[in-house]
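A closer look at the structure
Here's the letter readout for the chains.
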Amino acid sequence: MKRIRKHLAYFVKAMRDMQAFMPFLLWGKLFTSIGEAALQVWQPLLIAEIFQLAEGLNDGNIDAFKRKIILLCICIGFPAVCTMMIRAVGLYGEGKKEICYGWKMYGFARRLKLEALEEPRVLDGFRKADAAYSRHLAASRMFSYLLMDVESVLVCISTFFVVGSFSVWLLPGAVFGVLPHIAIDIFFEKRRSGAYRGQAGKRRRLAYLWRLFCTREPVKEMRTMGFARFLKEKWVETNVEVVREMEELELASIRLTAAGVLLKNACYVANVAIALFLMVRGELAVGQFAACLTAFGLLQDNLAMLSTFVVSFLQSWHHVEEYYDFFQTEEEADGTEGYRPFQREIVMRDLHFCYPGGNRDALDGVNLDIKKGEHVVIVGVNGSGKTTLSKVMTGAYRAGSGEVWYDDQKITDIRKEELCRDISIVPQDFVHYNFSIGENITVSDYGKREEEARFQKVTRAVGMQELLRGLGGPDAQLGREFGGSELSGGEWQKVAIARGLFRESSLMILDEPTSALDPLVEYQILTNFLKLIQGKTSVIISHRVGICRHADKVVVMKEGKVVECGTHEALRKAGGEYARIWGEQAKWYYAHERNY
């Protein structure tokens, strides 16, 4: 019962979406299907009347005979017109699908909990929903097949009564010739759907492996390191699994479908023989016999089409279901309070966070205060929780327990969009946008893209003047994919830092912002960065501890906990975890101290 209610709810949503975005598609297909069905049923009756008139054709009935011929031509020709109309409407629907389904889906995706994107189940659902609208046209195709089913049912029922009006002996063969075929198709469609859904993870893995063969960096690495064969074997192994599962199912389907086709043809031959026998005995006129042959063909064709359309409808419905299933993914809870830029401090108390599927907390009882205008550096080994803390602190992830306060405002009460406007982030895995270098930088605050002084100030701070001159200025295209220039890892990192600095915000988060730069360049960029954001609050996450000497506060994390917090000198003298990390990296920094 619960599943039936779900299907009804999805069907209503699909119809509402089509009515809202594509009313012409909805009503155009409906009226063309009704008209085509009516004319198909009328066709055998017209043929019978034409034969009857032809037997006694004279001046009195010649006009009626001509009208019947014209109507028969309309009955035969109208389906072709309907087909062209439906194709035109289909093209209209193809053009509208992005507005109808794509934008709605991606608009919802923006509201998902970011933690949910760590779950394979959600990623599988996203892939299936994307395929549902982009490749399968979601509800529009489902609605088309539904109308075709209704049309075929109406034609079959009407033709069934037409055939029965000639002789009841013709009915059993007309029905039993196709019913097994329909049952077989529906049975295997359910099995196909179940198998396909069960393969969602494998198909996503196939797509991932295929991308590795088509993306520049993985291709360069696999050729240089010589493991292309290994990746090929993994792709072939996964592909063979997927194909073999579907192959076994299709072979079983072919065997039973062949038996159904043989039965259908045998019943058709039997019906023709019965009609011929009745005509020889004088129970059917020649015109009625001709109408019977037309009705048999019409009935069998529509029953066969009904079988095909039912299966196609079920396939489309499964895609519709997958599309609307995606909207059941948990959304990010948003606050109701307007954000008031903090004036005193950000306070974190007893924060716990565990990633979906994780077996331990990435944050385990974190307590930390960050004062307004303070420059904080968070250090620690890989997996210590540094990046996770920054995501919880900015509201990207919601803590499993504990609280984050911006002055007297709890982060869960603040409207997320307003909070994000006051935060600028340079993430560890920043994106290489194949835009112009100017667009790469100003996209973070695109409304201010024309502020040349601001652009120059930011690019000077990260040492990009020479790079800009070499490329030919801010309008130079980046990325070879579109004929632009490719940057080195360090140059891309400078672009990402400049992008973060260009955004006007009071809180700056830099997550491993200089990992691709050598220590000397790192020092120059980060010291310029600290000068540029005087009066703002900054949090720098780094494996390297050289910048810690210029921080107001150093936070040391280990195994999801804050194990030390203080100034560089105080922590160094304390002889704890920070002193150990400093000692291990000292050889890299002491060599440069004379140059600083």
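Keep in mind that what you see is a predicted model, and the values were worked out from it rather than measured. (Residues numbered from 1 in each chain as written. Predicted model: local features only at pLDDT ≥ 70, side-chain atom pairs only at ≥ 80, totals over all residues. Heavy atoms only, no water.)

Quick notes on a nonpolar patch on the surface
On the surface, a nonpolar cluster with roughly 360 Å² of combined accessible area is contributed by Met 1, Ile 4 and Leu 8. The topology assignment puts Leu 8 in helix α1 (residues 2-21). (Patch = residues over 30% accessible without salt bridge, like charges linked within 9 Å, V, L, I, M, F, W, Y side chains within 5 Å. Areas by Shrake-Rupley, 256 points an atom, 1.4 Å probe, with all protein chains shown as cover. Salt bridge = Lys/Arg side-chain N within 4 Å of Asp/Glu carboxyl O. Helix = DSSP H or I, 4+ residues; strand = E, 2+ residues; numbered from the N terminus.)

Observations regarding the sheet that holds strand β7 (residues 507-511)
Consider a sheet: its strands pair through backbone hydrogen bonds, and that pairing is either parallel or antiparallel. Taken in spatial order, the six strands make up an open sheet running β6-β7-β8-β3-β9-β10, and their pairing is mixed. Both edges of this open sheet fall to β6 (423-426) and β10 (561-566), since each of them pairs with a single strand only. Along the sheet, successive strands turn relative to each other by an average axial angle of 15 degrees, direction set aside. Two elements, β7 and strand β8 (residues 537-542), share five bridges in a ladder whose sense is parallel. When the sheet's bridge partners are listed, Leu 507 is paired in β8 with Thr 537. (Pairing = 2+ DSSP bridges. Axes fitted to C-alpha atoms, helices over the stretch in contact; angles between N-to-C directions.)

As for the packing of helix α4 (residues 120-134) against helix α8 (residues 200-214)
The contact between α4 and α8 brings their axes to 10 Å, and the two run at 75 degrees. Considered as vectors, α4 and α8 are oriented roughly perpendicular to each other. Residue-level contacts link Pro 120, Leu 123, Asp 124, Arg 127 and Lys 128 of α4 to Ala 200, Gly 201, Arg 203 and Arg 204 of α8. When its residues are assigned to classes, the contact of α4 with α8 shows three nonpolar, one polar and five charged. (Parallel < 35°, antiparallel > 145°, perpendicular 65-115°, else oblique. Contact = heavy atoms within 4.5 Å. Nonpolar A, V, L, I, M, F, W, Y, C, P; charged D, E, K, R; others polar.)

Re the packing of helix α15 (residues 452-461) against helix α17 (residues 489-502)
Their axes nearest at 9 Å, the elements α15 and α17 cross at an angle of 135 degrees. The orientation of α15 with respect to α17, classified from their angle, is oblique. Considering only the axes of α15 and α17, their crossing is right-handed. Contacts between α15 and α17 involve Arg 454, Phe 455, Val 458 and Ala 461 from the former and Ala 498, Leu 501 and Phe 502 from the latter. Partitioned by chemical class, the residues of the contact of α15 with α17 number six nonpolar, no polar and one charged. (Left-handed = near helix turned anticlockwise from the far one by under 90°.)

A look at the side chain of His 352
Along the chain, His 352 turns up in strand β1 (residues 345-353). A polar side-chain atom of His 352 sits 3.2 Å from a polar atom in the side chain of Asp 350. Excluding residues that lie within four positions of it along the chain, His 352 makes contacts with Asp 361, Leu 363, Asp 364, Gly 365, Ala 399, Gly 400 and Ser 401. (Polar contact = N/O pair within 3.5 Å; in protein donor to acceptor, adjacent residues only side chain to side chain.)

Things to note about unusual backbone geometry
Phi at Asp 350 is positive, roughly 50 degrees, even though this residue is not glycine. Relative to the assigned elements, Asp 350 resides in strand β1. Since its relative accessible area comes to 41%, Asp 350 is described here as partly exposed. Even without a glycine there, the phi angle at Asp 407 is positive, about 55 degrees. (Buried < 20%, exposed > 50% of the residue type's maximum accessible area, 1.4 Å probe, protein only.)

Digging into α15
Of the positions making up α15, those classed as buried are Arg 454, Phe 455, Val 458, Thr 459 and Ala 461. Projected down its long axis, α15 carries its buried residues within an arc of 155 degrees, all on one side. Gly 463 occupies a position one or two residues after α15 and carries a positive phi of about 65 degrees. (Arc of directions from axis to C-beta.)

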